[in-house]
Amino acid sequence: MEYTIKTLLTRKEVEKRIKELAKELEKDYQGREILVIGLLKGSVMFMTDLIKEINLPIVIDFMSVSSYSGTTSTGVINVLKDIDVDVKDKEVLIIEDIIDTGLTLSYVKKMLQKRGAKSLKICTLLDKPSRRTAEIKGDYIGFKIPDEFVVGYGLDYDQYHRNLPYIGIIVKK
Ligand code: 5GP
Ligand code: MG
Ligand code: MG
């Protein structure tokens, strides 16, 4: 299938916003240690850029859950790779690329809550609030975007375009 990619957020806009989020987090978590958990693979670019700007003690880990194939939700959430660290009594910050229906995050949040995290916050680069079905919202949000399928800065279309340094909308021809 043929498509083009139309810029939604430029590299400069994304980088500027990530620095702002980092400063906000640094202020809110002052004097504390953060366990940063990235959801693979989409959050990787965002997470690495973000945490480099936070001057606090940080431990990182990754979890891989899947619910999507192509551009449509299957509604099934599988834990493909769990975290290695114990979240008990930790201040956990979950990093996500985008909140769409919210199903993925509500599942992950409940799972980590059950394991006894001391606090649990969500930081997402993008938010598509119009598609929400689960009771979940981001505590730290980079950008609210319209209901379009986006790629770049970690987000893929059938595994491609994660390396784009900007966020673009897939426009089908
Ligand atoms: P949710 O469970 O919130 O519906 O799904 C979140 C996941 O779906 C995201 O982490 C992401 O992997 C995928 N997703 C949702 N919307 C988009 C989108 O516009 N572009 C891409 N590339 N992935 C998306
Ligand atoms: Mg994701
Ligand atoms: Mg994906």
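Residues numbered from 1 in each chain as written. Chains lettered and ligands numbered in written order. Predicted model: local features only at pLDDT ≥ 70, side-chain atom pairs only at ≥ 80, totals over all residues. Heavy atoms only, no water.

- As annotated in an unreviewed UniProt entry, the protein chain carries the name Hypoxanthine phosphoribosyltransferase and comes from Fusobacterium necrogenes.
- Comment text from UniProt for the protein chain, heading Cofactor (unreviewed entry), reads "Mg(2+)".
- Database annotation for the protein chain, UniProt heading Sequence similarities (unreviewed entry): "Belongs to the purine/pyrimidine phosphoribosyltransferase family." (UniProt positions renumbered as here; feature names shortened; annotations may be inferred.)

### Brief notes about the site of ligand 1
No. 1: Near ligand 1 lie 16 residues; those nearest to it are Asp 97, Thr 101, Thr 104, Val 150 and Asp 156.
No. 2: Asp 97 places a polar side-chain atom, nitrogen or oxygen, 2.7 Å from an oxygen atom of ligand 1.
No. 3: Thr 101 is positioned such that a nitrogen or oxygen atom in its side chain is 2.4 Å from an oxygen atom of ligand 1.
No. 4: The fraction of the free accessible surface of ligand 1 (510 Å²) that becomes covered by protein chains is 91%.
No. 5: Broken down by secondary-structure element, the contributors of at least two residues to the shell around ligand 1 are β5 (91–99) and α3 (103–114).
No. 6: The element best represented in the shell around ligand 1 is β5, accounting for four residues.
No. 7: Taken together, the residues of the shell around ligand 1 sort by class into seven nonpolar, three polar and six charged. (Near = heavy atom within 4 Å. Polar contact = N/O pair within 3.5 Å; in protein donor to acceptor, adjacent residues only side chain to side chain. Areas by Shrake-Rupley, 256 points an atom, 1.4 Å probe, with all protein chains shown as cover. Helix = DSSP H or I, 4+ residues; strand = E, 2+ residues; numbered from the N terminus. Nonpolar A, V, L, I, M, F, W, Y, C, P; charged D, E, K, R; others polar.)

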